[in-house]
Amino acid sequence: MKRKSIILLTIVGIIGLCIGIIFYVWNANQKEKEAANYALYAEYYNASDVLHLDMYTREYERTGNPHDIELTPTHLTYDLLQRWEAITEVIPMIDYPEEAIELEDWLNVYNTFASNRFDAEDASKEITKRGGSETTNSMAINDYLLYGSVYNDYFREFLEENGIEGPDRRRWE
């Protein structure tokens, strides 16, 4: 009788251990999936913020699937894209994702914009150090692309010389 009890307890212990391992693996997979969904949601959110897109989440809230988020361009988006395209024509090291824009693949557009940041900063420093000034504005191009803001006179001259902005097209700051 004692031997049967030991065998039964051993079997129950092994089954319990297997169930625990299965639950642990399932729980780890769920956490991974949640982390991936959160990262994708954050990318959609960042794209909507940077590119001035409207973000519709009604379907996402129902399903929990970030692929159900809809990004829609606004007039601010089109203004940003117009400035970006104009800058790209005179500074070719800055990429412009024409095909992604045509396909309205806004995450790809956002990723291209983000990957341009360091090239835009380097180009901004070069443009704004004219006139022997020791201080440069590394964010001149990014500020211009994002908001249409021109805070640096050397950058304003650069835009005017390249036909991107003119004295009659200056924005009020």
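Positions within a chain are numbered from 1, following the residues in the order the chain's sequence is written. In keeping with the model being predicted, local features are shown solely for residues with a pLDDT of at least 70 and side-chain atom pairs are shown and tallied solely at 80 or more, while totals for entire chains, interfaces and linings include all residues. Excluded from the side-chain calculation are hydrogens and water; included are all heavy atoms of the structure.

S.K.: Tell me about helix H6 (residues 117-128), residues and numbers included.
M.R.: Secondary structure elements follow DSSP: runs of H or I no shorter than four residues count as helices, runs of E no shorter than two count as strands, and numbering proceeds from the N terminus. Every helix has an expected span of 1.5 Å times one less than the residues it contains. Between the first and last C-alpha of H6 there are 16 Å, a value that for twelve residues agrees with the 16 Å anticipated at 1.5 Å per step. Any pair of residues with heavy atoms lying within 4.5 Å of one another is described as a contacting pair. In this fold, the buried residues of H6 make contact with helix H7 (140-147) and helix H8 (153-161).

S.K.: Describe the packing of aromatic side chains, listing the residues and the values that go with them.
M.R.: Centres within 6.5 Å are what make two rings of Phe, Tyr or Trp a pair, Trp counting through its six-membered ring; a difference in plane orientation under 30 degrees is then read as stacked, over 60 as edge-to-face, and the rest as tilted. What the rule picks out here adds up to six aromatic pairs. With a centroid separation of 5.2 Å and 85° between ring planes, the pair formed by Trp84 and Phe113 is classed as edge-to-face. Note that Trp84 is positioned in helix H3 (residues 75-90) and Phe113 in helix H5 (residues 106-115), a separation of 29 residues in sequence. The residues Trp84 and Phe113 share a single accessibility class, namely buried. Between Tyr144 and Phe155, the ring centres sit 5.8 Å apart and the planes meet at 70°, which makes this aromatic pair edge-to-face. Pair noted here: Tyr144 is in helix H7 and Phe155 is in helix H8, with a separation of eleven residues, a long-range link. Categorising residues by exposure relies on relative accessible area from a 1.4 Å probe, with only protein chains included: less than 20% of the type maximum marks a residue as buried, more than 50% marks it as exposed, and the intermediate range marks it as partly exposed. Using a relative accessible area of 1% as the deciding quantity, one classes Tyr144 as buried. We classify Phe155 as buried; its relative accessible area is 1%. Between the NZ or CZ atom of Arg83 and the centre of the ring of Tyr144, over which it lies, the distance is 6.0 Å. Charges are assigned to positions over rings by a cutoff of 6 Å between ring centre and Lys NZ or Arg CZ, combined with an angular limit of 35 degrees from the ring normal.

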